[in-house]
Amino acid sequence: MRILSGVQSSGKLHIGNYYGAIRQFVQLQDEADSYYFIANYHSLNEVRDPKRALELTRDAAVSYLALGLDPKKAVLFRQSDVKEVLELYWLLGVVAPVAHLERAHSYKDKVAQGKSPDFGLFAYPVLMAADILLYSADAVPVGKDQIQHIEFARDWAVKFNVQYVPGYDPADPDGKERGHAPGILKLPSARIQSSTQTVPGIDGRKMSKSYGNTIDLFGDDKELKKRIMSIKTDSTPVEAPKPVPGANGKVASESPGAPQPGEGALVSEVPLYDLMKVMLPESEFRDVDASWRAGGKGYGEYKKLLLEAFHATFGPARKRYAELAGDPAELERILQDGATRARAEATQLMDKVRRAVGIP
């Protein structure tokens with residue numbers, strides 16, 4: 001099985017990136033053929049300063065490595081080092097319906113926040129589909145808010161195959177039945193990590209650089225403490241039991257009729273509680289949950305506990321990050337090696353695509 005995913009280098013990585021994605025990536029590198037890329041083309045929708053764009057791309061790569069990604073097991077590369085992705089981007093754009101792009105959650109969310117609806121933002125799902133399809137990925141680890149992008153990639157792969165592969169049958173995409181041809185573009189599946197689909201930020205919305213509600217993985221100690229101590233809470237007295245997520249155990253974004261995460265909706269009614277649930281070991285969280293429901297402790301005590309859990313979890317990675325950041329030549333060697341391996345796969349796929357569409 002081939003796994004593929006990426007992270008935008010549009011800001012410093014945060015704990016939402018780790019628990020929602022990178023932790024799973026590190027686990028998967030021992031189980032599957034794994035491809036992970038730094039999405040620096042995508043990040044240009046957010047970062048227009050070239051010096052900062054370069055800095056953030058390197059920072060994302062260092063962060064992946066510090067958190068346990070092994071370049072001997074997984075392919076780690078920059079999106080921009082494999083130019084074939086831009087060619088497939090255009091060829092998918094030929095078959096991608098405008099109606100799909102108009103209803104994309106990412107587009108509607110950003111426009112609702114006041115971002116200019118330029119082409120890069122509008123066509124973002126097409127480039128994401130090209131990222132996925134270029135390497136014939138079987139599965140793409142994503143959060144719940146990204147499932148729509150995988151659905152788009154599948155839909156457009158089917159449209160491309162129907163248009164350009166004689167004998168292709170969408171009901172038999174792998175061509176297992178006699179008389180059917182396999183598609184050139186493989187249909188990927190979304191791989192959901194249900195326990196941490198969406199990590200709440202300090203304000204209860206999905207943790208996101210766009211919302212400014214993150215807890216950065218590699219920020220300085222002073223800023224880290226400030227962010228954790230500013231997690232949104234209510235005015236419940238110290239002695240009283242603290243509120244927990246709704247009686248059905250679901251976060252706010254899953255209530256009937258509510259917007260889906262990624263559209264600016266709350267994903268947690270009680271972000272401090274849910275962040276502890278994500279970060280604390282299960283046995284330790286059981287004790288915290290009992291004291292939370294019983295009352296007698298103030299929110300400040302729980303925030304200090306969360307800060308301690310952060311340092312216990314990420315202390316070694318933060319030390320490794322400092323070491324890697326001090327050796328830019330080794331970082332570049334790792335990225336170039338990854339790009340060579342990724343390009344070998346991309347070239348094979350694009351040879352087939354070009355022949356299919358009539359491009360020499």
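Residues numbered from 1 in each chain as written. Predicted model: local features only at pLDDT ≥ 70, side-chain atom pairs only at ≥ 80, totals over all residues. Heavy atoms only, no water.

This part covers the overall build of the protein chain. A tally of helices and strands in the protein chain yields 13 helices and five strands. In terms of its C-alpha atoms, the protein chain occupies a principal-axis envelope of roughly 75 × 50 × 40 Å. Expressed as a percentage of its 360 residues, the buried residues of the protein chain come to 50%. In the protein chain, of all internal contacts separated by at least 6 residues, the share reaching a separation of at least 24 is 78%. Summed over its atoms, the accessible surface of the protein chain is roughly 16,700 Å², and 51% of this surface lies on carbon and sulfur atoms. (Helix = DSSP H or I, 4+ residues; strand = E, 2+ residues; numbered from the N terminus. Buried < 20%, exposed > 50% of the residue type's maximum accessible area, 1.4 Å probe, protein only. Contact = heavy atoms within 4.5 Å. Areas by Shrake-Rupley, 256 points an atom, 1.4 Å probe, with all protein chains shown as cover.)

For the rest of this paragraph, the subject is the pairing of strand β2 (residues 33–39). A large share of β2 lies buried, amounting to six of its seven residues. Here seven bridges tie strand β1 (residues 2–8) to β2, and the two strands are oriented parallel to one another. Looking at β2, one finds that G6 is bridged to F37. In terms of handedness, the path from β1 via helix α1 (residues 15–28) over to β2 forms a crossover that is right-handed. The parallel pair β2 and strand β3 (residues 75–78), bridged by helix α2 (residues 50–66), forms a crossover whose chirality is right-handed. (Pairing = 2+ DSSP bridges. Right-handed = clockwise from strand over helix to strand, strands pointing away.)

By the secondary structure assignment, Y321 is in helix α12 (residues 299–325). Accessibility expressed as a relative area gives 16% for Y321, which makes it buried. Separated by 164 residues in the primary sequence, Y321 and A157 have C-alpha atoms spaced 38 Å apart. Excluding residues within four positions of it along the chain, Y321 makes contact with K12, D59, V62, S63, A66 and F218.

Core analysis: the largest hydrophobic core is formed by 57 residues, its most contacted members being I15 and I215. Apart from the residues lying within four places of it in its own chain, the contact partners of I215 are H14, I15, I202, M207, L224, R227, I228, I231, L275 and F310. If you look at the next biggest cluster of nonpolar residues, it comprises 52 residues, including V75, A96, L349 and M350. (Core = buried A, V, L, I, M, F, W, Y, C linked by side-chain atoms within 4.5 Å.)

Running from N to C, helix α3 (residues 84–93) and helix α13 (residues 328–357) point in directions that differ by 35 degrees, and their axes come no closer than 10 Å. Viewed along their axes, α3 and α13 form a crossing whose handedness is left-handed. Contact residues: E84, E87, L88 and L91 in α3; R343, A346, T347, M350, V353, R354 and V357 in α13. (Axes fitted to C-alpha atoms, helices over the stretch in contact; angles between N-to-C directions. Left-handed = near helix turned anticlockwise from the far one by under 90°.)

Another point: the packing of aromatic side chains. Summed over all chains, the structure comprises 17 aromatic pairs. Where F152 meets W156, the ring centres are 5.2 Å apart and the plane angle is 10 degrees; that geometry is what we call stacked. Residue F152 and its partner W156 are both found in helix α8 (residues 147–164); the two are separated by four residues, about one turn of the helix. Across the pair, exposure class does not vary: F152 and W156 are buried alike. Taken together through their ring pairs, the aromatic side chains of Y273, F285, W292, Y299 and Y302 make up a single cluster. In this structure, K242 is placed above the aromatic ring of Y299, and the distance from its NZ or CZ to the ring centre is 5.9 Å. (Phe/Tyr/Trp six-rings, centres within 6.5 Å; stacked < 30°, edge-to-face > 60°. Lys NZ or Arg CZ within 6 Å of the ring centre and 35° of its normal.)

Mapped onto the secondary structure, K186 falls in the loop between α8 and β5 (189–192). On the basis of relative accessibility, which here comes to 33%, the residue K186 falls in the partly exposed class. With near-sequence residues (within four places) excluded, K186 lies in contact with L133, S136, A137, D138 and A157. For K186, the side chain forms a polar contact with the side chain of D138, separated by 3.0 Å. (Polar contact = N/O pair within 3.5 Å; in protein donor to acceptor, adjacent residues only side chain to side chain.)

Here the focus is the side chain of D172. Inspection of the secondary structure assignment puts D172 in the loop between α8 and β5. Reaching out from D172, the side chain makes a polar contact with the side chain of H180 at a distance of 3.0 Å. The residues touching D172, leaving out its near neighbours within four places in the chain, are E177 and H180.

Relative to the assigned elements, S10 resides in the loop between β1 and α1. Residue S10 is classed as buried on the basis of its relative accessible area, which comes to 17%. Setting aside chain neighbours within four positions, we find S10 in contact with S43, E46, V47, L56 and K209.

Before going further, it helps to examine the confidence of the model for the protein chain. Per-residue confidence for the protein chain gives a mean pLDDT of 92, with 94% of residues at or over 70. Ignoring residues within four places in sequence, the model shows residues 247–263, a span with pLDDT below 50, making 31 contacts including any to other chains. (pLDDT = per-residue confidence, 0-100.)

Let us look at the pattern of salt bridges. It is possible for side chains bearing opposite charge to pair when their charged atoms get close. One pass over the full model with this rule turns up 19 salt bridges. E323 is the partner of R320 in a salt bridge, and the nearest nitrogen-oxygen pair spans 3.6 Å. Of this pair, R320 and E323 both sit in helix α12, three residues apart, roughly one helical turn. The class of R320 is partly exposed, set by a relative accessible area of 38%. Classification of E323 by relative accessible area gives partly exposed; the value is 44%. Taking the shortest distance from any N to any O, the salt bridge between R333 and E330 comes out at 2.9 Å. A residue pair is termed a helical-turn pair when its members lie 3 or 4 positions apart in one helix, as R333 and E330 do in helix α13 at three residues. Among the residues examined, R333 registers a relative accessible area of 47% and is labelled partly exposed. The network of salt bridges with shared partners includes K12, R52, E55 and D59. (Salt bridge = Lys/Arg side-chain N within 4 Å of Asp/Glu carboxyl O.)

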